[in-house]
Amino acid sequence: MALLRFVLLCGFADFARSLSITTPEQMIEKAKGETAYLPCKFTLGPEDQGPLDIEWLLSPADNQKVDQVIILYSGDKIYDDYYQDLKGRVHFTSTDLKSGDASINVTNLQLSDIGTYQCKVKKAPGVGNKKIQLTVLVKPSGTRCYIDGSEEIGSDFKLKCEPREGSLPLRYEWQKLSNSQKLPTSWLPEMTSPVISVKNATTEYSGTYSCTVKNRVGSDQCLLRLDVVPRKTCLLQRAVRPLLEATSAAITHPWDPCPLPTWKGIPRLSITKYQAKTLSAILRVRLSQLLR
């Protein structure tokens, strides 16, 4: 019985000393364009005397694609041109793979790099493997803040915050940076959404606002200037006034927010009988500019 116990203990000890990958299986999340470090540390047993072979495989997120060898170490040589999509972007981190470090770096990450990476280490009779799940996300960028509607007193309009790109889920945070930093109570439910709906605007809303967009790998920000002004009115009637004799008048309206009827791209002159009386002093008006 004692002899049997000794044999079992020796067998267990031998098993414990065989090749083992010490890195736990894990999930890694990185941003597009960054470098992902995929660890794979291993230990050898005294009986592991065969040649050392290390192989990394990728199972793409698209299940229609077969597993791909992306880098291989065999016969004291490194082969890293197996998979065209990762060519030049996957490297062993250690210069001495026999030291027990088979970790790799994947540089300039792309969305196509998403998948399950498997590290296989073999040194006969020992064999070991571990899997790492890699997810690549896109940081929010190119965020634009703008106002949808007319910034006039009493008006309804929207403050919008739109990133050009960014992986979901996205989180939004609005802040007022100038004037009174106190936000209207009615806005509070929307301070974490991409759109703030403004109702019955007042001048107190004027100021500079920031919108920060975040996800798990990064953030981006834009600024917006809001100036709530009195409602615009048509200025044509108030602008028509008696002119001195012999005055030449070219009829234009760059100052008038209300567009006039045009002909050949030139504003037409349109006045009421009452306005005509105020023009009684005009002797010459260059109508040729209107009728050309």
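In what follows, the structure referred to is the one given above.
These notes cover the structure that comes with them. (Residues numbered from 1 in each chain as written. Predicted model: local features only at pLDDT ≥ 70, side-chain atom pairs only at ≥ 80, totals over all residues. Heavy atoms only, no water.)

**Thoughts on the overall build of the chain**
Short version of the rule: Only runs of H or I of at least four residues qualify as helices and only runs of E of at least two qualify as strands under DSSP, and these elements are numbered from the N terminus. Exposed residues in this analysis have more than 50% of their type's maximum accessible area, buried residues have under 20%, and partly exposed residues fall in between, with area computed by a 1.4 Å probe over protein chains only. Contact between two residues is taken to exist if any of their heavy atoms lie within 4.5 Å; hydrogens are not considered. Surface accessibility follows the Shrake-Rupley procedure with a 1.4 Å probe radius. Residue values consider only the protein chains on display as shielding.
Helices and strands together make up the secondary structure of the chain, namely four helices and 19 strands. For the chain, the residues scored as buried account for 36% of the 292 residues in total. By sequence separation, contacts in the chain at least 24 residues apart represent 60% of the contacts at least 6 residues apart. Taken as a whole, the chain presents about 17700 Å² of accessible surface, with 54% of it coming from carbon and sulfur.

**Focus: the sheet that holds strand E5 (residues 52-60)**
The condition is simple: Note: two strands are recorded as paired if DSSP finds a minimum of 2 bridges between them. Here an angle of 0 to 180 degrees is reported between the N-to-C directions of two axes, which are lines fitted to C-alpha atoms, with helices fitted over the stretch in contact.
Within the open sheet, the six strands sit side by side as E2-E11-E10-E5-E6-E7. Their pairing is mixed. Taken across any chain shown, the strands that pair with only one partner, and hence form the sheet edges, are strand E2 (26-31) and strand E7 (77-79). Along the sheet, successive strands turn relative to each other by an average axial angle of 20°, direction set aside. Bridge analysis of E5 against strand E10 (residues 115-123) gives nine bridges, and the strand direction is antiparallel. By the bridge assignment, Ser-59 is partnered in E10 with Thr-116.

**Focus on unusual backbone geometry**
A cis amide bond links Ala-124 to the next residue, Pro-125, at an omega of 5°. Tracing the backbone through its elements, the reader meets Pro-125 in the loop between E10 and strand E11 (126-137). Look at Asn-200: it is not a glycine, yet its phi comes out positive at around 50°. Within the secondary structure, Asn-200 sits in the loop between strand E15 (195-198) and strand E16 (207-215).

**Details of the packing of aromatic side chains**
As a reminder, the rule being used: Between rings of Phe, Tyr and Trp, where Trp is taken as its six-membered ring, a pair exists when centres lie within 6.5 Å; planes separated by under 30 degrees are stacked, by over 60 edge-to-face, and by other angles tilted. Placement of a positive charge over a ring is assigned whenever Lys NZ or Arg CZ falls within 6 Å of the ring centre and within 35 degrees of the normal to the ring plane.
Throughout the structure, instances matching the rule amount to two aromatic pairs. Aromatic pair Trp-187 and Tyr-209: ring centres 5.7 Å apart, planes at 40°, arrangement tilted. One end of the pair, Trp-187, is in the loop between strand E14 (171-176) and E15; the other, Tyr-209, is in strand E16, and 22 residues separate them in sequence. According to the relative accessible area criterion, Trp-187 is buried, its value standing at 1%. What makes Tyr-209 buried here is its relative accessible area of 1%. Among the aromatic residues, those joined into a ring-pair cluster are Trp-187, Tyr-205 and Tyr-209. For Arg-144, the ring lying beneath its charged end belongs to Tyr-146, and the centroid distance is 4.0 Å.

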